[in-house]
Amino acid sequence: MKKIMILPIALMLGACTQTTAIAPEKNLKNIEAKGVSYADGLVSAIKPVLMESLKSDPTGASGMMACANAAMPLTDEYNKQLPSNAKVRRTAIKYRNPANKPDSKDTEVMNNIMASKNFAPVVVEMNDSYRVYKPLPMAQPCMVCHGDLKTMNQQTKEKIKEHYPRDLANGFKLGDFRGVVVTEIKKISYLRLR
Ligand code: HEC
């Protein structure tokens, strides 16, 4: 009698624990669109702080500090507003803030962007996430802080030296590839009970 009872229970348990992973979002165009819109959102959050400081001090000297102090907290704050499986960050081959140092995939993707001179977004599938790389070209307002050190305002240059002694993010020309905003979107697989 006991054995007869156990069998159906075991079958039921077996059925319940047998799960089917539903493939994560496979439509890369959707992922790209999402990634780019999250990246644009970060740029829109940082830009006003930058432009405001440049308006009050066009040399970039005080803006340097505004950027140094605000960019990271603004990024953290912005990430809290995104869905929990999404996160944005900035990186560059020639970076200023060591916290923005690229990993090997970042480096590979950015080298390709530079070689191809194609500034279209790039989507990369990782093991458990997708990355959307949004390239940032050097525009006029960027020049005061990322341009040629020889022509840069003395005070701005000193601030860079003081805060980023290993700065690599200078010497860019207008239109150069400056870096990327990366959106990382974690794959979510739903477990479905049979
Ligand atoms: C007022 C000075 C200033 C201006 C103007 C400025 N930046 Fe920066 N930028 C900085 C500083 C300081 C950092 C390092 C601190 C941080 O943001 O993490 C930085 C960091 C960055 C980074 C992150 C990677 C790294 O090098 O650490 C990117 C990408 C970037 N800037 C792109 C730009 C672009 C594109 C523009 C023009 C739209 C621009 N910046 C204008 C000061 C400036």
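Structure shown above.
Numbering of residues begins from 1 in every chain and follows the order in which that chain's sequence is written. Thresholds applied to this predicted model are a pLDDT of at least 70 for local features of residues and 80 or more for the giving and counting of side-chain atom pairs; totals over whole chains, interfaces and linings are not thresholded and use all residues. Each side-chain value is derived from all of the structure's non-hydrogen atoms; neither hydrogens nor water enter the calculation.

**Student:** Any chance you could explain empty space enclosed by the protein here in plain terms?
**Tutor:** Gaps left between atoms show up when a probe the size of a water molecule is rolled over them. Think of a 1 Å grid over just the protein atoms. A cavity is a set of points where a 1.4 Å probe fits yet cannot get out, a pocket is an open set with protein on both sides within 12 Å along at least five of seven lines, and lining residues have an atom within 4 Å of a point. Grid points are joined across faces, edges and corners, and a volume is the space filled by probe spheres set on the points. The tally for this structure, following the rule as stated, stands at 1 cavity of 30 Å³ or more. What the largest cavity holds in volume is close to 40 Å³. What lines the largest cavity is Ile-46, Val-49, Leu-50, Ala-66, Cys-67, Ala-70, Ala-71 and Leu-74. Those elements that provide at least two residues to the lining of the largest cavity are helix 2 (28-56) and helix 3 (61-81). In this text, helices come from DSSP runs of H or I with a minimum length of four residues, and strands from runs of E with a minimum of two, each type numbered from the N-terminal end. Counting residues per element, the lining of the largest cavity draws most heavily on helix 3, which supplies 5 residues. Of the residues contributing to the lining of the largest cavity, the split by class is 8 nonpolar, no polar and no charged. Under the convention adopted here, Pro, Cys and the residues Ala, Val, Leu, Ile, Met, Phe, Trp and Tyr are nonpolar, Asp, Glu, Lys and Arg are charged, and Gly plus all remaining residues are polar.

**Student:** I keep staring at the site of the ligand and nothing clicks. Help me out?
**Tutor:** For the ligand, the set of nearby residues contains 22 residues, the closest of which are Arg-96, Cys-142, Cys-145, His-146 and Arg-178. Within the contact set of the ligand, an oxygen atom lies 2.7 Å away from a backbone nitrogen or oxygen of Arg-96. Within the side chain of Asn-100, a nitrogen or oxygen atom sits 2.8 Å from an oxygen atom of the ligand. Being in a pocket or cavity means that more than half of the molecule's atoms lie within 2 Å of its grid points. Among the detected pockets, the ligand sits in the largest pocket. Of all the secondary structure elements, the ones that give two or more residues to the shell around the ligand are helix 2, helix 3 and helix 5 (143-146). Residue contributions to the shell around the ligand peak at 5 residues, all from helix 3. Put simply, a residue is near a molecule or strand once any heavy atom of it comes within 4 Å of that molecule or strand. Identification of polar contacts relies on pairs of N or O atoms within 3.5 Å, with a donor-acceptor requirement for protein atoms, meaning one able to donate a hydrogen and the other able to accept it, and with residues adjacent in sequence counted only if both atoms are side-chain atoms.

**Student:** Mind showing me how you'd approach the coordination of the iron atom of the ligand here?
**Tutor:** From the protein, the iron atom of the ligand takes a single donor atom, His-146 (NE2), 2.1 Å away. Summarising the element assignment, His-146 is placed in helix 5. Any N, O or S atom lying within 2.8 Å of the metal counts as a donor, and for Na, K and Ca the limit rises to 3.2 Å; water is left out, so some sites can look incomplete.

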